[in-house]
Amino acid sequence: MSRLSGRVLQVSRRPGFTLIELILAIAIASLVVTLVFSTYHTVTVTLQGQEDRRRGADKVADAVGQLERDLACTFAPKSDAACAFELQKGATPAAARLSFCTAVMPANETDLRWFELHRVVYGIGADAANSPVLFRADQPLAGPGAFAPPVTNTLAVGVESFRVSVYDGAAWNEEWSSAGSGCPRAARIELTTKYGSGSKNFQTEVLIPVGNPVTSRVIRAVQ
């Protein structure tokens, strides 16, 4: 008959995580990930907003530059009603409507002899979201395009005011009709748009060459 050993067996305990510790670690990790993604989203939205505002300001500056170029190339013969220079206040004093004839160079063309005459209209309209926009309607006065509807492009969105006044050599006027008045000598443009939580204002003055008569001071000798 064998004898049993009197030694007591001991069960070793290895270090590990309890269920509560595991749940707590998962909760902390989830909180850290949430904070990281929240910070990333906030920074991304802020940077995107700044970029959108910068691009919006650039678009408004481009719109004013387009109007400046058109006015600098105004073509206004007194005998052609299609080339009449017209300025109206519009529905409100802050929503001017300007239409005139301008010389436009065809795409990829540099020879001034091939310029085309277009009638352009600038005014305030509304986009699909019913937001006020500055538009430019363009229609050639000759060729197939003269029989087609004008091509309308949106130049700036979120427009709060579009004011135009023209100079006749003595005073600035908010309305103008070239019938019997010829073409104004200069134009003053003021465009205000939404910019972030505020507004941004663009102002410029443009000399209209065709409205400034050039007189020669050369006196011919008479025999």
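Conventions used here
Counting from 1, residues in each chain are numbered in the order their sequence is written. With pLDDT at 70 or above as the cut-off, local features in this predicted model cover only qualifying residues; side-chain atom pairs require 80 or more to be listed or tallied, and sums for whole chains, interfaces and linings still use all residues. Where side-chain values are given, they derive from all heavy atoms of the structure, hydrogens and water being excluded. When a carboxyl oxygen of Asp or Glu lies within 4 Å of a side-chain nitrogen of Lys or Arg, that pair is called a salt bridge. Each helix is a run of DSSP H or I of at least 4 residues and each strand a run of E of at least 2, with the numbering of both proceeding from the N terminus. The cut-offs for exposure are 20% and 50% of the maximum accessible area for each residue type, with area from a 1.4 Å probe on protein chains only; residues under the lower value are buried, those over the upper are exposed, and the others partly exposed. Grouping buried Ala, Val, Leu, Ile, Met, Phe, Trp, Tyr and Cys residues that are joined through side-chain atoms within 4.5 Å yields what is termed a nonpolar core. The criterion used for residue contact is that any of the two residues' heavy atoms lie within 4.5 Å. Two strands are said to pair when DSSP picks up at least two bridges between them. Within 3.5 Å is the distance limit for a polar contact, defined as a pair of N or O atoms, with the added protein rule that one can donate a hydrogen and the other accept it, and that residues adjacent in sequence qualify only through two side-chain atoms.

Engineer: In this structure, what is going on with the pattern of salt bridges? I would like to understand it.
Structural biologist: Proximity of charged atoms lets side chains of opposite charge pair with each other. Evaluation of the coordinates by the stated rule reveals four salt bridges. Across the pair Lys-89 and Glu-174 runs a salt bridge whose closest N-O atoms are separated by 3.5 Å. One end of the pair, Lys-89, is in the loop between strand 1 (86–88) and strand 2 (97–104); the other, Glu-174, is in the loop between strand 7 (172–173) and strand 8 (176–177), with 85 residues separating them in the sequence. Two residues, Asp-138 and Arg-136, come together in a salt bridge whose shortest N-O distance is 3.2 Å. Classification of Arg-136 by relative accessible area gives buried; the value is 9%. Overlapping salt bridges, with partners in common, bring together Asp-70, Arg-136 and Asp-138 in one network.

Engineer: It is not clear to me how the nonpolar core should be interpreted in this structure. Could you clarify?
Structural biologist: Here is a general trend for soluble globular proteins: nonpolar side chains tend to be buried in one another's company. Ranked by internal contacts, the top residues of the largest apolar core, which has 28 residues, are Leu-71, Phe-85, Leu-98 and Phe-162. Broken down by secondary-structure element, the contributors of at least two residues to this core are helix 1 (19–72), strand 2, strand 3 (116–126), strand 5 (151–157), strand 6 (159–167), strand 9 (186–195) and strand 10 (198–207). Top contributing element to this core by residue count: helix 1, with five residues. With sequence-adjacent residues up to four places away left out, Leu-98 is seen in contact with Leu-67, Leu-71, Phe-85, Glu-86, Leu-87, Val-120, Val-121, Tyr-122 and Val-164.

Engineer: Which parts of the structure should I look at to understand the sheet that holds strand 7?
Structural biologist: Neighbouring strands of a sheet are bound in pairs by backbone hydrogen bonds; such pairs are parallel or else antiparallel. Strand order in the open sheet formed by four strands is 7-6-9-10, with antiparallel pairing between adjacent strands. This sheet does not close on itself; its edge strands, each paired only once, are strand 7 and strand 10. Relative to strand 10, strand 9 runs antiparallel, the two being bridged by ten bridges. Bridging from a neighbouring strand, Thr-192 pairs with Asn-201 of strand 10.

Engineer: What exactly am I supposed to notice about the side chain of Thr-74 here?
Structural biologist: Along the chain, Thr-74 falls in the loop between helix 1 and strand 1. In terms of polar contacts, Thr-74 uses its side chain to reach the backbone carbonyl oxygen of Leu-71, at 2.6 Å. For Thr-74, the residues in contact, after removing those within four places along its chain, are Phe-85, Phe-100, Cys-101, Thr-102, Cys-183, Ile-208 and Val-210.

Engineer: Mind showing me how you'd approach unusual backbone geometry here?
Structural biologist: Among all residues except glycine, the phi angle is most often negative; among peptide bonds, the trans geometry is most common. A positive phi angle, near 60°, is found at Asn-130, a position not held by glycine. As for its placement among the helices and strands, Asn-130 is situated in the loop between strand 3 and strand 4 (132–140). For Asn-130, a relative accessible area of 64% gives the class exposed.

Engineer: Help me understand the side chain of Ser-161, please; the structure alone is not making it clear to me.
Structural biologist: Note on placement: Ser-161 falls in strand 6. Here Ser-161 falls in the buried class, since its relative accessible area comes to 10%.

Engineer: Would you mind going over the pairing of strand 3 with me for this structure?
Structural biologist: Working note: regular strand, side chains alternate between the two faces of the sheet. Looking at chain direction, strand 2 and strand 3 are connected through seven bridges and run antiparallel. Within strand 3, the position partnered with Phe-100 by the bridge is Val-120. In this structure, strand 3 lies alongside strand 4, joined through nine bridges in antiparallel fashion. Counted as the bridge partner of Arg-119 is Gln-139 from strand 4. Between strand 3 and the antiparallel strand that follows it, strand 4, lie five residues; Asn-130 among them carries a positive phi value of about 60°.

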